[in-house]
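# Observations on chain architecture
As a plain string of letters, each chain reads:
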Amino acid sequence: MKTFTKTIATTVLLATTLLSTAAMAAQKIAIIDVQGVIQALPQTAQIVQGINNEFKEQFAEVQKLQKDGEFEVEKLQRDGATMSEAQKKASQDKIMAIRAELQEKATPLQQEVQRRQNEEQTKLLGLVKQAIDAVAKAENYDVVLNAGAATFAKPEFDISEKVLAKVSQSN
């Protein structure tokens, strides 16, 4: 009886292993480099240009403050030896005021630019996801993995170019 039970258990285990191996072999798997696709999209360059244009005036204002601050620091370093203490103090106060104003304007600008970039990237990710779904459906893939999740994959499993073409074609 014990031998019969062991034989049945071994047979069931062997059959399960063979079936799961066969099931895994039947799956069609693809790999995609999502970040590479997003960076290669023409829409990405358009978004960067659009955001730069949107915040052009604020960027110019921050750059002017940076140049003013650099000028004042250079002036203090260059002429500091010949300046009176009152002049040095006034120059240092001016530098501190410029730095404070720069911080006051640059931080919110940076946050707003980051927010806009995230908005636009979310839109692009939606388009890429739709393209991945379309390519996977058209080519009967069971699983699509991000390239970073796979240690190794043969190049023929990479659908990045197909997805890139699909997203570029849609816009």
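Conventions and cut-offs
- Residues numbered from 1 in each chain as written.
- Predicted model: local features only at pLDDT ≥ 70, side-chain atom pairs only at ≥ 80, totals over all residues.
- Heavy atoms only, no water.
- Helix = DSSP H or I, 4+ residues; strand = E, 2+ residues; numbered from the N terminus.
- Buried < 20%, exposed > 50% of the residue type's maximum accessible area, 1.4 Å probe, protein only.
- Areas by Shrake-Rupley, 256 points an atom, 1.4 Å probe, with all protein chains shown as cover.
- Core = buried A, V, L, I, M, F, W, Y, C linked by side-chain atoms within 4.5 Å.
- Contact = heavy atoms within 4.5 Å.
- Polar contact = N/O pair within 3.5 Å; in protein donor to acceptor, adjacent residues only side chain to side chain.
- Axes fitted to C-alpha atoms, helices over the stretch in contact; angles between N-to-C directions.
- Parallel < 35°, antiparallel > 145°, perpendicular 65-115°, else oblique.

With that settled, the discussion passes to the overall build of the protein. From N to C terminus, the protein includes six helices and two strands. Starting at the N terminus and walking to the C terminus, you meet the elements of the protein as α-β-α-α-α-α-β-α. Relative to its 171 residues, the protein shows a buried fraction of 23%. Approximately 12,300 Å² of the protein is accessible, and the part contributed by carbon and sulfur atoms is 58%.

Once that is clear, we can look at the nonpolar core. Ranked by internal contacts, the top residues of the largest apolar core, which has 26 residues, are I32, V128, I159 and V163. In contact with I32, not counting residues within four places along its chain, are V37, I132, V144, L145, N146, A147, D158, I159, S160 and V163.

Mapped onto the elements, R116 comes out in helix α5 (residues 85-138). Residue class for R116 comes out buried when judged on its relative accessible area of 14%. Of note is the side chain of R116, whose polar atom sits 3.1 Å from the side chain of E54. At a separation of 2.8 Å, a polar atom in the side chain of R116 contacts the side chain of E119.

On to the side chain of S91, then. Summarising the element assignment, S91 is placed in helix α5. According to the relative accessible area criterion, S91 is buried, its value standing at 5%. Ignoring anything within four residues of it in the chain, the contact list for S91 reads E72, L76 and M83.

A pair of packed helices is captured by two measures, namely the crossing angle of their axes and the spacing between those axes. Between helix α3 (residues 42-54) and helix α4 (residues 56-79), the least distance of the axes is 4 Å, while the angle of their chain directions is 65°. What the angle tells us is that α3 and α4 run roughly perpendicular. Taking contact as the criterion, the partners of I51, N52, N53 and E54 in α3 are, on α4, K56, Q58 and F59.

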